[in-house]
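An overview of the molecular structure
Next come the chains, spelled out residue by residue.
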Amino acid sequence: MTQDEQKRAVAAAAIQYVPVGSIVGVGTGSTANYFIDELAKIKHQIEGAVASSDATAQRLKGHGIEVLDLNDVMDIPVYVDGSDEITEHLHMIKGGGGALTREKIVAAVAQKFICIADQSKLVEVLGNFPLPIEVIPMARSYVAREIVLLGGQPALRQGFKTDNGNVILDIYGMKIMNPVELEAKLNQIAGVVTNGLFAMRSANVLLLGTDSGVKTISI
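Just so you know, these numbers come straight off a predicted model, no measurement behind them.

Some points on the overall build of the protein
From N to C terminus, the protein includes six helices and 13 strands. At 17 Å, the protein has a C-alpha radius of gyration in line with the 17 Å of a compact globule built from 219 residues. Based on the C-alpha atoms only, the size of the protein along its principal axes is roughly 50 × 40 × 30 Å. In the protein, buried positions account for 52% of the 219 residues.

Spelled out as structure tokens, the structure:
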């Protein structure tokens with residue numbers, strides 16, 4: 001299967017995890033977009049969705065799926081999203097599209113996090129994909145200096161602002177051996193909104209698209 005075919009396959013497979021009558025948390029990115037297209041086929045069976053970005057909200061609305069404000073929602077049984085990298089322990093790097101903060105918030109609320117990814121995203125050690133950090137603009141230079149002290153090489157994502165009005169620093173050159181520890185350490189730097197490590201709240205299930213079909217990995 002091609003990469004796109006793998007993405008479509010895992011998006012379709014994720015539908016089985018969506019309870020009838022539920023509110024669904026929906027991620028951001030190309031694989032999540034395939035899931036939205038699949039979700040549209042059962043839109044009359046769900047109450048609505050909570051979007052992790054403005055782009056996702058627009059795609060959901062385009063399919064006639066009601067988008068709900070997270071502040072008005074008490075319970076999200078399932079959150080479905082892709083990843084930029086994921087390990088067999090279901091720790092992830094996310095945020096290539098810049099929606100990491102809202103993704104992390106929706107994932108925190110959800111009872112179950114279903115990650116959908118093609119096989120290229122599965123890695124032994126995180127860090128080959130640059131780790132995104134959302135930063136308050138006035139703290140950009142300070143945060144960058146602190147990241148250098150931790151052994152990373154920060155680069156400002158040029159011409160980009162998050163839906164929250166902040167900037168993204170992408171960290172290169174780090175082999176992330178302890179993602180839970182690094183996630184906590186980065187979040188303690190003043191000016192960091194959050195970082196793209198999803199380790200403290202990892203996925204519960206990975207639906208991995210492979211050449212031979214969809215493989216399910218859970219912990």
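So, the sheet that holds strand β13 (residues 213-218)
The strand order across the open sheet formed by six strands is β2-β1-β3-β6-β12-β13, and the pairing between neighbours is mixed. Two strands lie at the open edges of the sheet, namely β2 (48-51) and β13, each paired on one side alone. Ignoring strand direction, the axes of neighbouring strands in this sheet form an average angle of 25 degrees. Bridging between strand β1 (residues 23-26) and β2 involves four bridges; their strand directions are parallel. Following the sheet pairing, valine 24 is matched in β2 by alanine 49. Against the sheet, helix α2 (residues 30-39) touches β1, β3 (76-81) and β6 (110-118), its axis set at about 155 degrees to β1.

Focus on the sheet that holds strand β5 (residues 92-93)
Strand order in this open sheet of three strands is β4-β5-β11, and the pairing throughout is antiparallel. Edge positions in the sheet fall to β4 (85-86) and β11 (197-198), since each of these pairs with one other strand and no more. Bridge analysis of β5 against β11 gives two bridges, and the strand direction is antiparallel. Bridged to methionine 92 within β11 is phenylalanine 198.

Comments concerning the pairing of β1
Neither face of β1 is open: one carries Ile23 and Gly25, the other Val24 and Val26, and all of them are buried. Handedness of the crossover is the feature at issue here: the chain leaves β1, passes through α2, returns alongside β2, and the resulting connection is right-handed. In the sheet, β1 pairs with β3 via three bridges, with the strands oriented parallel. In the strand pairing of β3, valine 26 is matched with valine 80.

Overview of the packing of aromatic side chains
If you walk through the whole model with that rule in mind, you get two aromatic pairs. Their ring planes at 75 degrees and their centres at 6.5 Å tell us that phenylalanine 113 and phenylalanine 198 sit as a pair that is edge-to-face. Highlighted residues: phenylalanine 113 in strand β6 and phenylalanine 198 in strand β11, separated in sequence by 85 residues. Pair check on accessibility: phenylalanine 113 and phenylalanine 198 agree, each one buried. If you follow lysine 104 out to its NZ or CZ, it ends over the ring of phenylalanine 198, 5.0 Å from the centre. Its guanidinium or amino end placed over the ring of phenylalanine 160, arginine 157 lies 5.3 Å from that ring's centre, counting from NZ or CZ.

Quick word on the environment of leucine 207
Relative to the helices and strands, leucine 207 resides in strand β12 (residues 205-210). With a relative accessible area of 0%, leucine 207 lands in the buried category. Here the alpha-carbon distance between leucine 207 and valine 80, two residues 127 residues apart in the chain, equals 10 Å. Excluding anything up to four places from it in sequence, leucine 207 contacts Val10, Ala13, Ala14, Tyr17, Ile114, Cys115, Ile116, Ala117, Val214, Lys215 and Thr216.

Here is what the cut-offs are and how they apply
- Residues numbered from 1 in each chain as written.
- Predicted model: local features only at pLDDT ≥ 70, side-chain atom pairs only at ≥ 80, totals over all residues.
- Heavy atoms only, no water.
- Helix = DSSP H or I, 4+ residues; strand = E, 2+ residues; numbered from the N terminus.
- Rg over C-alpha atoms; globule rule 2.2 N^0.38 Å.
- Buried < 20%, exposed > 50% of the residue type's maximum accessible area, 1.4 Å probe, protein only.
- Pairing = 2+ DSSP bridges.
- Axes fitted to C-alpha atoms, helices over the stretch in contact; angles between N-to-C directions.
- Contact = heavy atoms within 4.5 Å.
- Right-handed = clockwise from strand over helix to strand, strands pointing away.
- Phe/Tyr/Trp six-rings, centres within 6.5 Å; stacked < 30°, edge-to-face > 60°.
- Lys NZ or Arg CZ within 6 Å of the ring centre and 35° of its normal.

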